[in-house]
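Topology and contacts: notes
Residues per chain, in single letters:
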Amino acid sequence: MTGTIPILRIGRTLLATVQTDLRDNVANAFQQDALSALEKGGMSGLVIDISGLEAVDTYVARVLVDTGRMARLMGAATVLVGMRPEIAATLVRMGYPMEGVDTALNLEEGLERLRLQTRT
Amino acid sequence: MTVSVDERHEMRIDTEDDIALVRRKVRDVAKACQFDVFQSAAVTTAASELARNVWVHAGKGNAVIERITDDTRSGVRVEFHDDGPGIESIDRVMAGGYSTANSMGLGLSGSRRLVDEFSIDSAPGRGTRVKFVKWAPY
């Protein structure tokens, strides 16, 4: 079964909550869905909550980082929130550079970060 | 020191979804070894990288996931095998940052950093065999 990632709208921000185990094709579909939703809704920000995610390999990490970079090219800010300690440790030990996307400790911090960034 | 196999699972890697199935099985075995969340994430991620390598480079192959015990500790041993094109320069691939698949090139080098024992056997036209072990803490 192929799941999908729910994307909610909060004002001008999109909130995507990633499940426990992110399959490659779900990750790829999410990238397209999120970018389309940003454009359609005229959104200024995207928050990706990965607090439920139990493993992030370099493929999934790249999809997440790339999504943030693509959103930025479109003019929207992205914050990746809730990365578990063991995932941060694993990515750093592998030598993966998580550059190009903003991160925040949790959802609340992430929304606050976006609010400050997109304030006009 | 003798190593005994307490649990053994052989899985095919034929589709992209099989990568997630391998990942899940490795996580289950890690749990049975009482790995903490850091060790579990490490071994699950390493398995995910290597399963994807099989799928991306060879199209198909298999994984053998085992829960093993030696005299003092238990661990997870995973072996991947495929009959794909093989690796021309293992040294270059293991150095990291080298990729033939338009990715980061950290799959093999990164995986090695996450586990306790890591070996790779490959040559052009001979396929690839990668094996790793991660032991539970004392």
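Quick look at the structure, then. Remember, predicted model here, so these are calculated numbers, not experimental data.

Thresholds, definitions, all that
Residues numbered from 1 in each chain as written. Chains lettered and ligands numbered in written order. Predicted model: local features only at pLDDT ≥ 70, side-chain atom pairs only at ≥ 80, totals over all residues. Heavy atoms only, no water. Helix = DSSP H or I, 4+ residues; strand = E, 2+ residues; numbered from the N terminus. Rg over C-alpha atoms; globule rule 2.2 N^0.38 Å. Buried < 20%, exposed > 50% of the residue type's maximum accessible area, 1.4 Å probe, protein only. Contact = heavy atoms within 4.5 Å. Areas by Shrake-Rupley, 256 points an atom, 1.4 Å probe, with all protein chains shown as cover. Buried area = accessible area lost by both parts, 1.4 Å probe. Salt bridge = Lys/Arg side-chain N within 4 Å of Asp/Glu carboxyl O. Polar contact = N/O pair within 3.5 Å; in protein donor to acceptor, adjacent residues only side chain to side chain. Nonpolar A, V, L, I, M, F, W, Y, C, P; charged D, E, K, R; others polar. Pairing = 2+ DSSP bridges. Right-handed = clockwise from strand over helix to strand, strands pointing away. Expected span 1.5 Å × (residues − 1). Phe/Tyr/Trp six-rings, centres within 6.5 Å; stacked < 30°, edge-to-face > 60°. Lys NZ or Arg CZ within 6 Å of the ring centre and 35° of its normal. Axes fitted to C-alpha atoms, helices over the stretch in contact; angles between N-to-C directions. 1 Å grid on protein atoms, 1.4 Å probe; cavity = no way out; pocket = protein on both sides within 12 Å on 5 of 7 lines; lining within 4 Å. Points joined across faces, edges and corners; volume = space filled by probe spheres on them.

Focus on the overall build of chain A
- A tally of helices and strands in chain A yields four helices and five strands.
- Counting helices and strands in the order they occur from the N terminus, chain A gives β-β-α-β-α-β-α-β-α.
- In summary, chain A has a C-alpha radius of gyration of 13 Å against a globular reference of 14 Å for 120 residues, a match within 12%.
- C-alpha atoms of chain A, sized along the principal axes, occupy 40 × 30 × 25 Å.
- The proportion of buried residues among the 120 residues of chain A is 46%.
- Summarising the internal contacts of chain A: among those between residues at least 6 apart in sequence, 70% fall at separations of at least 24.
- Of the roughly 5,900 Å² of accessible surface on chain A, 51% is carried by carbon and sulfur atoms.

What to know about the environment of G59 of chain B
Residues and elements named next belong to chain B.
- Inspection of the secondary structure assignment puts G59 in the loop between α2 (37-58) and β2 (61-69).
- Along the chain, G59 and D14 lie 45 residues apart, while their C-alpha atoms are 6.6 Å from each other.
- Apart from the residues lying within four places of it in its own chain, the contact partners of G59 are I13, D14 and V54.

Section: the interface of chain A and chain B
- On the chain B side, the residues contacting the 21 residues of chain A number 27 residues.
- Each partner contributes to the roughly 2,200 Å² buried at the junction of chain A and chain B, and carbon and sulfur atoms together form 49% of this total.
- On the chain A side of the interface with chain B, the three residues burying the most area are R23, R93 and M94 of chain A, jointly 29% of the side's total.
- Across the contact surface, chain A and chain B share seven salt bridges.
- Residues R23 of chain B and D21 of chain A are paired through a salt bridge, measuring 2.8 Å at the closest nitrogen-oxygen approach.
- The tally of links from chain A across to chain B stands at 10 residue pairs in polar contact (both at pLDDT 80 or more).
- Elements with a minimum of two residues in the side of chain A that touches chain B: α1 (24-41), α2 (58-74) and α3 (85-94) of chain A.
- When residues of the side of chain A that touches chain B are assigned to their parent elements, the largest contribution, six residues, is made by α3 of chain A.
- Tallied by class, residues from the side of chain A that touches chain B come to nine nonpolar, four polar and eight charged.

Some remarks on the pairing of strand β4 (residues 77-81) of chain A
Residues and elements named next belong to chain A.
- Of all five residues in β4, five are buried, a share of seventy percent or more.
- Side chains of β4 alternate between two faces, with A77, V79 and V81 and T78 and L80 buried alike.
- Note: strand β3 (residues 45-49) against β4, five bridges, orientation parallel. Bridge pairing in β4 links L46 to T78.
- Between β3 and its parallel partner β4, the chain crosses via α2, and the hand of that crossover is right-handed.
- Handedness of the β-α-β unit built from β4, α3 and strand β5 (residues 102-104) comes out right-handed.

What about α2 of chain A?
- When the terminal C-alpha atoms of α2 of chain A are compared, their 24 Å separation across 17 residues agrees well with the 24 Å that a helix rising 1.5 Å per residue should span.
- Within two residues after α2 of chain A, G75 of chain A carries a phi angle of roughly 105°, on the positive side.

Here's the deal with the packing of aromatic side chains
- In this structure the tally under the stated criterion is zero aromatic pairs over all chains.
- Over the ring of W135 of chain B we find R73 of chain B, and its NZ or CZ is 4.2 Å from the ring centre.

So, the sheet that holds β4 of chain A
All names here are of chain A.
- With respect to topology, five strands assemble into an open sheet ordered β1-β2-β3-β4-β5, the strand pairing being mixed. The strands lining the two open edges of the sheet, one partner per strand, are β1 (7-10) and β5. Sheet twist, expressed as the mean angle between neighbouring strand axes with direction ignored, is 25°.
- In terms of strand pairing, β4 meets β5 through three bridges, oriented parallel. Looking across to β5, one finds that L80 is bridged to T103.

Observations concerning the pairing of strand β4 (residues 117-122) of chain B
- The pairing of β4 of chain B with strand β5 (residues 128-135) of chain B spans six bridges and is classified as antiparallel. From the neighbouring strand, D121 of chain B faces β5 of chain B, where its bridge partner is R129 of chain B.

Some points on the sheet that holds β4 of chain B
Residue and element names in this part refer to chain B.
- One open sheet accounts for five strands, arranged β1-β2-β3-β5-β4; its pairing is antiparallel. Either end of the sheet is taken by a strand with one partner, and the two such strands are β1 (4-13) and β4. In this sheet, adjacent strand axes meet at a mean angle of 10° when their direction is disregarded.
- The pairing of β1 with β2 spans nine bridges and is classified as antiparallel.

A look at the layout of surface pockets
Residue and element names in this part refer to chain B.
- Volume-wise, the second largest pocket comes out at about 190 Å³.
- Of all elements in the fold, only α1 (16-32) and α2 reach the threshold of two or more residues within the lining of the second largest pocket.
- Each residue belonging to the lining of the second largest pocket can be placed in one class, and the counts come to four nonpolar, two polar and six charged.

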